[in-house]
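Summary of the model geometry
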Amino acid sequence: MTTQVKSQPKKFSAVVVILGVVAMILLAAFPLIIVKNSEFGGSDGAGVEAIKSINPDYDETWIGNIWEPPGGETESMLFALQAIAGGFLIGYFFGYKRGQKKANIDPDDNSTTL
Amino acid sequence: MSFIKRIRWGWLLAAAMLLSVRVAWAYPIAAPPKMHIMEGFLPLGWAVFWWVVALPFWVLGFIQVRKLIGERPELRLLLGLAGGFVFVLSALKIPSVTGSSSHPTGTGLGTILFGPFVVAILGTIALVFQAVLLAHGGISTLGANSMSMAISGPLVAYGLWLLLKGKIPTWLSVFLIAFVADLSTYIMTTTQLALAFPDPMGGFMASWLKFAGIFAVTQIPLAISEGILTVLIFNALQTNATIELKQLGLQEV
């Protein structure tokens, strides 16, 4: 349809995508390998310690959370829920676009690949 | 000549990186303060201050989201995707070399697609979810946390986007935008903490450098990861969601 497309963006090749994914995995795994004896917690308590090391007079937080997950299990469930919600929205969009593309395929065209 | 200069710069960079790792490890606190400032953590005055600062951005963002949905309802799904991206990424707590975990922000993608004010709303929704259900961040600190993750990060990134768009390869500009949105979030959090808790000896700057030193080590690898992921998903959008991106004027950037 469009005649003067400047530079139609090209789809990344599988190699590029795989390289990107591997790089992300390595970046996340690297600390796990080199740092021993850590649970990678980064708990909220540590934040208070950080402030106390600067200002020993700092007392405590003046208000608590409205509600707190009773434990790690519930917390991780809720984090998973958050990720599911986001993943669903992303997957829905790409699925929708894929279906749209498929519906626009010329009926004479028998190829099933998209 | 230029080659030798380059080597010198390389050494300087390596030394600076080593130094920052040492600085981070020199402090007894293994875990840096999280990106979301916890409930009740900021003194009341600062908590109110950041709420007031964030408020106009929320209003502007709300108006823009309403306008977007009203005028171009076909972009709702893409808006959902941008929000979903923030949701997924801010749920992923990734280990760092400081022995703690932190998470990316996911705001770079939405910033490119819809601009910083719409992202202010998307980011704040994620923050409210985490504050209310996960005790991660808080309502009193929602203003401050929104300011860093949902407002200042996207604003800085958007400025950069306008500057770079079309001048360098798309993948590079998208990478830089996501990288910068992520990092400037933490720079803002650092500033907020240093303002509220200045070092009794060195004042604001000493406090700032202390937090920033820790954050930099934790956050730079994360920001790189986020950059890569955003590049991949933006490419998928450019090749799959041609119509939407054309409407947003992003097909040929």
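Computed from a prediction, not measured in an experiment: that's the story for all the values here.

Some remarks on helix α3 (residues 72-103) of chain A
- Along its 32 residues, α3(A) runs 45 Å from first to last C-alpha, staying within 8% of the 46 Å computed at 1.5 Å per residue.
- Residues of α3(A) that are buried include every one of A:Leu78, A:Phe79, A:Gln82, A:Gly86, A:Ile90, A:Phe93 and A:Lys97, and no others.
- Looking at the packing, one finds that the buried side of α3(A) touches α3 (76-91), α5 (116-133), α8 (203-240) and α9 (242-247) of chain B.

Digging into the interface of chain A and chain B
- On the chain B side, the residues contacting the 61 residues of chain A number 72 residues.
- Contact between chain A and chain B buries roughly 5,700 Å² in total, counting both sides, with carbon and sulfur atoms accounting for 71%.
- In this structure, the connection of chain A to chain B is made through two salt bridges.
- Residue A:Lys97 pairs with B:Glu244 through a salt bridge whose shortest N-O separation is 2.9 Å.

A look at the nonpolar core
- Formed by 40 residues in total, the largest nonpolar core has its most connected members in B:Leu78, B:Leu113, B:Phe114 and B:Leu237.
- For this core, the elements supplying multiple residues, two or more each, are α3 of chain A together with α2 (44-71), α3, α4 (107-114), α5, α6 (142-164), α7 (170-196) and α8 of chain B.
- Setting aside residues up to four positions removed in sequence, B:Leu237 forms contacts with A:Phe93, A:Phe94, B:Leu78, B:Leu81, B:Leu109, B:Leu113, B:Thr242 and B:Leu245.
- B:Ala120, B:Met149, B:Ile151 and B:Phe197 belong to the second-largest nonpolar core, a separate cluster that totals 28 residues.

Observations concerning unusual backbone geometry
- For B:Ala135, which is not glycine, the phi dihedral falls at a positive 55°.
- Relative to the helices and strands, B:Ala135 is located in the loop between α5 and α6.

Section: α8(B)
- Here α8(B) is 38 residues long and its end C-alpha atoms lie 51 Å apart, about the 56 Å a rise of 1.5 Å per residue gives.
- In α8(B), a bend of some 35° at B:Gln219 exceeds every other bend along the element, and B:Pro221, a proline, comes one to four places later.

Here's the deal with the pattern of salt bridges
- The full count for this structure, using the stated rule, is two salt bridges over all chains.
- Measuring nitrogen to oxygen at the nearest pair gives 4.0 Å for the salt bridge that ties B:Lys93 to A:Glu75. Separated into two different chains, B:Lys93 in the loop between α3 and β1 (94-95) and A:Glu75 in helix α3 make up a pair that spans both.
- The partly exposed category is assigned to B:Lys93, whose relative accessible area is 36%.

Rules of the game
- Residues numbered from 1 in each chain as written.
- Chains lettered and ligands numbered in written order.
- Predicted model: local features only at pLDDT ≥ 70, side-chain atom pairs only at ≥ 80, totals over all residues.
- Heavy atoms only, no water.
- Helix = DSSP H or I, 4+ residues; strand = E, 2+ residues; numbered from the N terminus.
- Expected span 1.5 Å × (residues − 1).
- Buried < 20%, exposed > 50% of the residue type's maximum accessible area, 1.4 Å probe, protein only.
- Contact = heavy atoms within 4.5 Å.
- Buried area = accessible area lost by both parts, 1.4 Å probe.
- Salt bridge = Lys/Arg side-chain N within 4 Å of Asp/Glu carboxyl O.
- Core = buried A, V, L, I, M, F, W, Y, C linked by side-chain atoms within 4.5 Å.
- Bend = angle between axes of the 7 residues up to and from the residue.

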